[in-house]
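Tertiary structure, described
Okay, here's what each chain looks like letter by letter:
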Amino acid sequence: MQTRPDSQPTLIRFEDVSLRYRQPDAAVDALVLQNLSFAIPAGGFRWLTGPSGAGKTSVLNLITRAARPASGRIHLFGLDAANLNRRETALLRRRIGVVYQDFRLLGHLSVFDNIALPTRIARWPEPRIQADVTDLLGWTGLKEKSACRPAQLSGGEQQRVAFARAVVGQPKLLVADEPTGNLDDAQAERLLLLILALNRLGTTVVVATHNARLIARHPAPVLELAAGRLRPADA
Amino acid sequence: MPDRIDPLGLRVAYRDRLLPLLIAAQAFLAGLAIAGVFAASALAQSWQAAGQLTVQVIAPDDAAASGKTTRRAAVLRILAATPELSNLHELSHSELENLLRPWLGGDAASLGLPLPAVITAGWTGGSPDRLRAALTAAAPGTLLDTGAAWAARVAALTASFRACAVAVLITVAAVAAALVALATRAGLAASREAIAIIAGLGALDSDIAGRFAARGAGRAAAGAAAGALLALPMLLWLAALAAPFGAAAPAADGLPPALLAALAAIIPAAAVIGWVTTQLTVRGWLRGLG
């Protein structure tokens, strides 16, 4: 796989980042990530891997500002994330497409409206939304399901809706949490090819997965987590 | 088809159907309190502005101080020449008897009681001391009463009534705000996941709070409109009851335009309370969301 050289400006930089989660019944907060340091250049592709519970989703939560580090610094798009106010954080999130492991689709909205949500939040003109979402419905093979509710879809179809919603806003950064977890091999391969196509068009991509076969088929730099720590690249 | 009315899909998060009913009840109470303020103000104004003056001429048929006429005639002449007086009326013998019968248990003549001449009039002047002096000079022992002490007590009573009504209004507004806040928090809690998703996709706090606030204001306004309408028949009935107490009080055949305007103002006031409360509640809740 081709990835852009690290001479590109850095899009994500973690400096000695740790993360704790408050545990309701415990006296001490759980330390889920410890002293993570890494950088991803703009246009780069990184696999984020490790066993379940290693902290993959936590890293993605830190990138999307769904969680705040207990210590260390995170730079996103050249900005120190700690200095962002709520409005700036929201605007930063618009530049990030996220495919959640559990899809996080809105059950009361149609497939079309779920996909269109980021563009409506960003107040795109409706004709542009109509055109882009319709294109994406065709691209992901969901045209016939446009008016369906998520509950009427299979797991694979929901995964594709989640992917379409993540990319409809043409994000500079795409983070995906086990995006192929609910797909068979053929569907997983197809979705990954879509992600790689976006990466080739310049989108920085971070994909969290524990699927070693998928990583083997598409070699790229790997951030490997074990018990909340980043393993050295040569380990 | 895309949902253009509710593009963020937040309508579902604010479904509380009970809120308009509860706001309607508050608006109904607010309507009564406002009417109370108006009625108290109108009654106080009418009683204080059109002060009644009563003159009692003892031994009215005796000779006046001048000796040229009766005491009654001398007093009436002075009263008729006083420009601050209006609607002069000397109570007839039967009117006096009717007035005294409850106290005397029979008519004054059969009891051998001499009756004074009683003259009533409207008094728009200030202190009646000069008039009192003139009457006493013409017919010594003549009594003049403006009811100032009674009017002062009435004024104090109506002022306290108005204060109570204002306190009721403030309480009603506070309860309405609390109801809106509770309904909003219930809606937020029920839709926590959907809102977290929308916030995660980059929605601004102002976007989310604005959607909620628009619905909160709409529901509060709808409830207030219903409550104000329901208050109207009650106010018309109360106006009919209050009609005998003063011309400036609400009339039996309708409500003063100012009161109707105040009732109508409950609706935008409720909308503002709903909008502001919802905005504050949602923004506070979103800060807690992270």
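Residues numbered from 1 in each chain as written. Chains lettered and ligands numbered in written order. Predicted model: local features only at pLDDT ≥ 70, side-chain atom pairs only at ≥ 80, totals over all residues. Heavy atoms only, no water.

Helix and strand content of chain B: nine helices and four strands. The secondary structure elements of chain B, listed N-terminal to C-terminal, are α-β-α-β-α-α-β-α-β-α-α-α-α. Within the span of chain B, comprising 290 residues, buried residues form 41% of the whole. For chain B, restricting intrachain contacts to residue pairs at least 6 apart in sequence, the fraction spanning at least 24 positions comes to 78%. On chain B, roughly 14,700 Å² of surface is accessible, and the fraction owed to carbon and sulfur atoms is 67%. (Helix = DSSP H or I, 4+ residues; strand = E, 2+ residues; numbered from the N terminus. Buried < 20%, exposed > 50% of the residue type's maximum accessible area, 1.4 Å probe, protein only. Contact = heavy atoms within 4.5 Å. Areas by Shrake-Rupley, 256 points an atom, 1.4 Å probe, with all protein chains shown as cover.)

Further remarks concern the sheet that holds strand S7 (residues 173-177) of chain A. Residues and elements named next belong to chain A. As summarised here, the arrangement of the six strands in space is S6-S7-S8-S3-S9-S10, forming an open sheet in which the pairing is mixed. Each end of this open sheet is capped by a strand with a single partner; those strands are strand S6 (96-99) and strand S10 (229-230). Set on the sheet, helix H1 (residues 56-63) makes contact with strand S3 (45-49), S6, S7, strand S8 (204-208) and strand S9 (222-226); between it and S7 the angle comes to about 150 degrees. Helix-sheet contacts for helix H5 (residues 155-167) involve S6 and S7, and the interaxial angle to S6 is about 175 degrees. (Pairing = 2+ DSSP bridges. Axes fitted to C-alpha atoms, helices over the stretch in contact; angles between N-to-C directions.)

All right, on to the nonpolar core then. Residues and elements named next belong to chain A. Formed by 39 residues in total, the largest nonpolar core has its most connected members in Phe-45, Trp-47, Ile-115, Val-133, Phe-163, Leu-174 and Ile-195. The set of elements that each furnish at least two residues to this core consists of S3, helix H3 (111-121), helix H4 (126-139), H5, S7, helix H6 (185-200), S8 and helix H7 (212-217). For this core, the leading source of residues is H6, giving seven residues. Counting 32 residues, the second largest nonpolar core, distinct from the first, contains Leu-33, Ala-42, Leu-60 and Leu-225. (Core = buried A, V, L, I, M, F, W, Y, C linked by side-chain atoms within 4.5 Å.)

What follows deals with the interface of chain A and chain B. On the side of chain B, 22 residues touch chain A, which itself brings 23 residues to the contact. For the pairing of chain A and chain B, the buried interface totals around 2,000 Å² over both sides, and the portion due to carbon and sulfur atoms is 60%. Summed over the three residues of chain A that lose the most area to chain B, namely Arg-86, Arg-93 and Ile-121 of chain A, the buried surface amounts to 28% of that side. Viewed at the interface, chain B and chain A are joined by three salt bridges. A salt bridge links Asp-207 of chain B to Arg-123 of chain A, with the shortest nitrogen-to-oxygen separation between them at 2.7 Å. Inspection of the region where chain A meets chain B yields six residue pairs in polar contact (both at pLDDT 80 or more). Of all the secondary-structure elements, those providing two or more residues to the side of chain A that touches chain B are helix H2 (86-93), H3 and H4 of chain A. (Buried area = accessible area lost by both parts, 1.4 Å probe. Salt bridge = Lys/Arg side-chain N within 4 Å of Asp/Glu carboxyl O. Polar contact = N/O pair within 3.5 Å; in protein donor to acceptor, adjacent residues only side chain to side chain.)

Before going further, it helps to examine the sheet that holds strand S5 (residues 79-80) of chain A. Each strand in a sheet pairs with its neighbour through backbone hydrogen bonds, running either in the same direction (parallel) or in the opposite one (antiparallel). Residues and elements named next belong to chain A. On the basis of which strands lie adjacent, the open sheet formed by four strands has the order S2-S1-S4-S5 and antiparallel pairing. Here the strands that pair on one side only, and so sit at the sheet edges, are strand S2 (30-41) and S5. Inspection of the sheet shows strand S4 (residues 71-76) paired to S5 by two bridges, in the antiparallel sense. Within S5, the position partnered with Leu-76 by the bridge is Leu-79. With respect to the sheet, H1 is in contact with strand S1 (10-21), S2 and S4, its orientation differing from that of S1 by roughly 120 degrees.

Quick look at a nonpolar patch on the surface now. A surface patch of nonpolar side chains, about 450 Å² in accessible area, is lined by Trp-103, Leu-104, Leu-111 and Leu-113 of chain B. Tracing the chain through its elements places Leu-111 of chain B in helix H4 (residues 108-111). (Patch = residues over 30% accessible without salt bridge, like charges linked within 9 Å, V, L, I, M, F, W, Y side chains within 5 Å.)

On to H2 of chain A. Because the α-helix completes a turn every 3.6 residues, residues three or four places apart line up on one side. Among all positions in H2 of chain A, only Thr-89, Ala-90, Leu-92 and Arg-93 of chain A are buried. The arc enclosing the buried residues of H2 of chain A, seen along the axis, measures out at 160 degrees, which places them on a common side. The secondary structure elements touched by the buried residues of H2 of chain A are S4, S5 and S6 of chain A together with helix H7 (192-200) of chain B. Where H2 of chain A begins, the capping side chain belongs to Asn-85 of chain A, and its oxygen is found 3.1 Å from the backbone nitrogen of Arg-87 of chain A. (Arc of directions from axis to C-beta.)

What follows is about the confidence of the model for chain B. In regions of low pLDDT, the predicted coordinates are not meant to be interpreted in detail. Residues and elements named next belong to chain B. Scored by pLDDT, chain B comes out at a mean of 84, with 88% of its residues at no less than 70. In the model of chain B, H4 stands out as the element of lowest mean pLDDT, 70, in contrast to helix H9 (residues 257-289), which has the highest, 93. With pLDDT under 50 throughout, residues 247-252 is counted as low confidence; its partners more than four residues away or in other chains account for 14 contacts. (pLDDT = per-residue confidence, 0-100.)

A few words now on the pattern of salt bridges. For the coordinates displayed, the defined rule picks out 15 salt bridges over all chains. Across the pair Asp-132 of chain A and Arg-128 of chain A runs a salt bridge, and its minimum N-O distance is 3.9 Å. Of this pair, Asp-132 of chain A and Arg-128 of chain A both sit in helix H4, four residues apart, which is roughly one turn of that helix. In the salt-bridge network here, residues are joined through shared partners; they are Arg-94 and Arg-123 of chain A together with Asp-207 of chain B.

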